[in-house]
Amino acid sequence: MRSLGIEGAWVFEPEVFPDDRGSFHEWFRAESFREATGRPLALSQANYSVSRRGTLRGVHFADVPPSQAKYLKCVKGAVFDVVVDIRVGSPTFGRWESVILDDRDHRAVYVSEGLGHAFMALTDDATVVYLCSEGYAPRREHGIDPLDPELGIDWPAGVTPLLSDKDATAPTLSEARRQGLLPAYEECSRFYTRLQA
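Residues numbered from 1 in each chain as written. Predicted model: local features only at pLDDT ≥ 70, side-chain atom pairs only at ≥ 80, totals over all residues. Heavy atoms only, no water.

## Section: the pattern of salt bridges
Thought 1: Taken as a whole, this structure holds ten salt bridges when the rule is applied.
Thought 2: In this structure, glutamate 26 and arginine 29 form a salt bridge, with 2.5 Å as the shortest nitrogen-oxygen distance.
Thought 3: Its relative accessible area of 36% is what places glutamate 26 among the partly exposed residues.
Thought 4: We note a salt bridge from arginine 107 to aspartate 105, for which the minimum N-O separation is 3.5 Å.
Thought 5: When salt bridges with common partners are traced through the structure, they connect Arg2, Glu13, Arg104, Asp105 and Arg107 into a single cluster. (Salt bridge = Lys/Arg side-chain N within 4 Å of Asp/Glu carboxyl O. Buried < 20%, exposed > 50% of the residue type's maximum accessible area, 1.4 Å probe, protein only.)

## As for empty space enclosed by the protein
Thought 1: Using the criterion set out here, one finds one cavity of 30 Å³ or more in the structure.
Thought 2: Approximately 40 Å³ is the volume attributed to the largest cavity.
Thought 3: For the lining of the largest cavity, the residue count by class is four nonpolar, six polar and two charged. (1 Å grid on protein atoms, 1.4 Å probe; cavity = no way out; pocket = protein on both sides within 12 Å on 5 of 7 lines; lining within 4 Å. Points joined across faces, edges and corners; volume = space filled by probe spheres on them. Nonpolar A, V, L, I, M, F, W, Y, C, P; charged D, E, K, R; others polar.)

## Side note on the sheet that holds strand E6 (residues 56-62)
Thought 1: Here five strands make up an open sheet; going across it, the order is E9-E8-E11-E6-E13 and the pairing antiparallel. Pairing within the sheet leaves two strands with one partner each, and these edge strands are strand E9 (96-102) and strand E13 (141-143). Geometrically, the sheet is characterised by an average inter-axis angle of 25° between neighbouring strands, direction not taken into account.
Thought 2: The sheet contact formed by strand E8 (residues 78-84) and E9 spans seven bridges and is antiparallel. In the strand pairing of E9, aspartate 81 is matched with valine 99. (Pairing = 2+ DSSP bridges. Helix = DSSP H or I, 4+ residues; strand = E, 2+ residues; numbered from the N terminus. Axes fitted to C-alpha atoms, helices over the stretch in contact; angles between N-to-C directions.)

## Overview of the layout of surface pockets
Thought 1: The calculated volume of the largest pocket comes to roughly 450 Å³.
Thought 2: Around the largest pocket sit 21 residues that line it, and Arg57, His60, Lys70, Tyr130 and Tyr136 are the ones nearest its centre.
Thought 3: Of all the secondary structure elements, the ones that give two or more residues to the lining of the largest pocket are strand E5 (45-51), E6, strand E11 (116-121), E13 and helix H2 (165-168).
Thought 4: Considering every element that reaches the lining of the largest pocket, the biggest residue donor is E5, with four residues.
Thought 5: Partitioned by chemical class, the residues of the lining of the largest pocket number seven nonpolar, nine polar and five charged.

## Overview of the state of the cysteines
Every disulfide links exactly two cysteines, by a covalent bond between their sulfur atoms.
Thought 1: All told, the structure shown has zero disulfides when counted by the stated rule.
Thought 2: Free of any disulfide, cysteine 132 has its nearest cysteine sulfur in cysteine 74, 16 Å distant.
Thought 3: Using a relative accessible area of 0% as the deciding quantity, one classes cysteine 132 as buried.
Thought 4: Left unpaired, cysteine 188 is separated from the closest cysteine sulfur, that of cysteine 132, by 17 Å. (Disulfide = S-S within 2.5 Å.)

## Quick word on the nonpolar core
Thought 1: In terms of nonpolar packing, the biggest core is built from 19 residues, with Val79, Val83, Leu101, Val109 and Val128 touching the most fellow members.
Thought 2: Elements that contribute at least two residues to this core include exactly strand E2 (9-12), strand E7 (70-76), E8, E9, strand E10 (108-111), E11 and strand E12 (126-132).
Thought 3: The element contributing the most residues to this core is E12, with four residues.
Thought 4: Here valine 128 is in contact with Asn47, Tyr48, Ser49, Leu72, Lys73, Cys74, Val79 and Phe119, once residues within four sequence places are set aside. (Core = buried A, V, L, I, M, F, W, Y, C linked by side-chain atoms within 4.5 Å. Contact = heavy atoms within 4.5 Å.)

Dropping the structure here:
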């Protein structure tokens, strides 16, 4: 696993073994994951989403603690996956990074608790699987407008974003901060330390 430029986000780039029958790769190994991240991957829920081209899901995050860490990959098609640092007080607050997840290179991304996450489907029937550290809890879940100019996410050109009503009406980063919705970097850091024990 390789750390991204935002603390708490990693990308896994597996070795893929093709042959005349197809291909094989490992997309998760507990001991390698713990060695890279310093913590185990707690599994409370597994999700599966199918999206048509242009579907933009996110930017989503949950209250810390316990929030919801995600380890995800695209098993069919391709998505433009984005991690956003929304932790108030973080040295990289407001910064985002992207990774293409697809069914060719088979990368996976780990998004720690307290970070924002979104993706845009680049193909029809883009299929993403997520392993989540906590179950979905609507009262703890929040979103930020993925098209917020302050975030300035460079979404792929030539793809019209398709948003849910909830994502389309989500507050901007500044509004979410004013409303007290964003996690504090210090609180996230303390929570990460507890997870390493």
